[in-house]
Amino acid sequence: MQGKNRLFLLTLGALTLTGCEAMRPDDTLAGDVRGYNHTAKGINWFRVNGAGAPGMNAYGMAGGACCIVYARTWKPGLKARVEWEADPNPHEIIPRVKQGAGFEPEAYARHVAQYQRFVRTVDIPPYGPEGTCGITVHFLPCDRVEVTQSCHGPSHPDSKIKYPREMKEPATCPRS
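This text gives an overview of the structure that appears in the document. (Residues numbered from 1 in each chain as written. Predicted model: local features only at pLDDT ≥ 70, side-chain atom pairs only at ≥ 80, totals over all residues. Heavy atoms only, no water.)

### Overview of the packing of aromatic side chains
The line we're drawing: Planes of paired rings set the category: under 30 degrees apart is stacked, over 60 is edge-to-face and the rest tilted, where pairs are Phe, Tyr or Trp rings (Trp by its six-membered ring) whose centres lie within 6.5 Å. Secondary structure is summarised from DSSP: a helix means a run of H or I of at least four residues, a strand means a run of E of at least two, and numbering begins at the N terminus for each. Per-residue accessibility, obtained with a 1.4 Å probe over protein chains only, is compared with the maximum for each type, and a residue is labelled buried under 20%, exposed over 50%, and partly exposed between these values. As a reminder, the over-ring test applies to NZ of lysine and CZ of arginine, requiring each to be within 6 Å of the ring centre and within 35 degrees of the ring normal.
Enumeration according to the criterion identifies five aromatic pairs in this entry. Between Phe 46 and Phe 139 the ring centres are 5.1 Å apart and the planes differ by 75°, which places this aromatic pair in the edge-to-face class. Of this pair, Phe 46 sits in strand E2 (residues 42-48) while Phe 139 sits in strand E7 (residues 135-140), and the two are 93 residues apart along the sequence. Of the two residues, Phe 46 and Phe 139, neither departs from the other in class, the shared state being buried. Ring plane angle 90° and centroid distance 6.3 Å describe the contact between Tyr 70 and Tyr 127, whose orientation is recorded as edge-to-face. On the criterion of sequence distance, the pair formed by Tyr 70 in strand E4 (residues 61-71) and Tyr 127 in the loop between strand E6 (116-123) and E7 is long-range, its members being 57 residues apart. This pair shows no difference in class: Tyr 70 is buried, exactly as Tyr 127 is. Members of the aromatic cluster, each reached through a chain of ring pairs, are Phe 46, Trp 84, Phe 118 and Phe 139. Above the face of the Phe 103 ring, Arg 96 is positioned so that its terminal group lies 4.6 Å from the ring centre.

And the structure:
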């Protein structure tokens, strides 16, 4: 039995090393996933290239979800696939069954049925050799997103994305 365990561990180690070699760690960086929600919708959760991040309130922010791996050096054509679930009515009051006993199931089911899921693939803008601070997603009106790898928050003068903290949804959205 011990021989089989040793063979298993050796095989697992070889596969792990092969996988790490394929990633070429010298060509990649790892960082946090952060988000800024510039909309009145709640963001229940979001992912960037499969790396998950916490949700955020309307006009809120979230950050520090580790880890996303991305190219050490920017080159044209780098993309980020952003997936998220939005709550279009995050301030809806859902009746409770009894105080502290949970939500009324039918009302909760109606609320959850309104959730919206989105997937957008967007360009990753150029970043310099000084490094980055992970990937930050900006959730914008009309279910648009932009990403940045800047180390500066939106209120910093050197921030590459300068949207106001709270943005209103237009009467009609452009078709994408």
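### Considerations on the pairing of E7
Along any regular strand, the residues point their side chains to alternate faces of the sheet. Put simply, the rule reads: We call two strands paired when DSSP finds no fewer than two bridges between them.
Burial within E7 is extensive, with six of its six residues counted as buried. Because side chains alternate across E7, one face comprises the buried residues Ile 135, Val 137 and Phe 139, and the other comprises Thr 136, His 138 and Leu 140, equally buried. Summarising the sheet, E7 and strand E8 (residues 144-148) pair through five bridges and their orientation is antiparallel. Each residue of the ladder has a partner; that of His 138, found in E8, is Glu 146.

### Description of the nonpolar core
Filter applied, for reference: Residue types Ala, Val, Leu, Ile, Met, Phe, Trp, Tyr and Cys, when buried and joined through side-chain atoms within 4.5 Å, form a set referred to as a nonpolar core. Residue contacts follow a heavy-atom distance rule, with two residues in contact if any of their heavy atoms lie within 4.5 Å.
Core analysis: the biggest nonpolar cluster contains 26 residues, and Phe 46, Val 48, Val 82, Trp 84, Val 137, Phe 139 and Val 147 have the highest contact counts within it. Only E2, strand E3 (51-53), E4, strand E5 (79-87), E6, E7 and E8 provide two or more residues apiece to this core. With five residues, E4 is the largest single contributor of residues to this core. Filtering out sequence-adjacent residues up to four positions away, Val 137 remains in contact with Arg 34, Gly 35, Tyr 36, Phe 46, Val 48, Val 82, Val 145, Glu 146 and Val 147.

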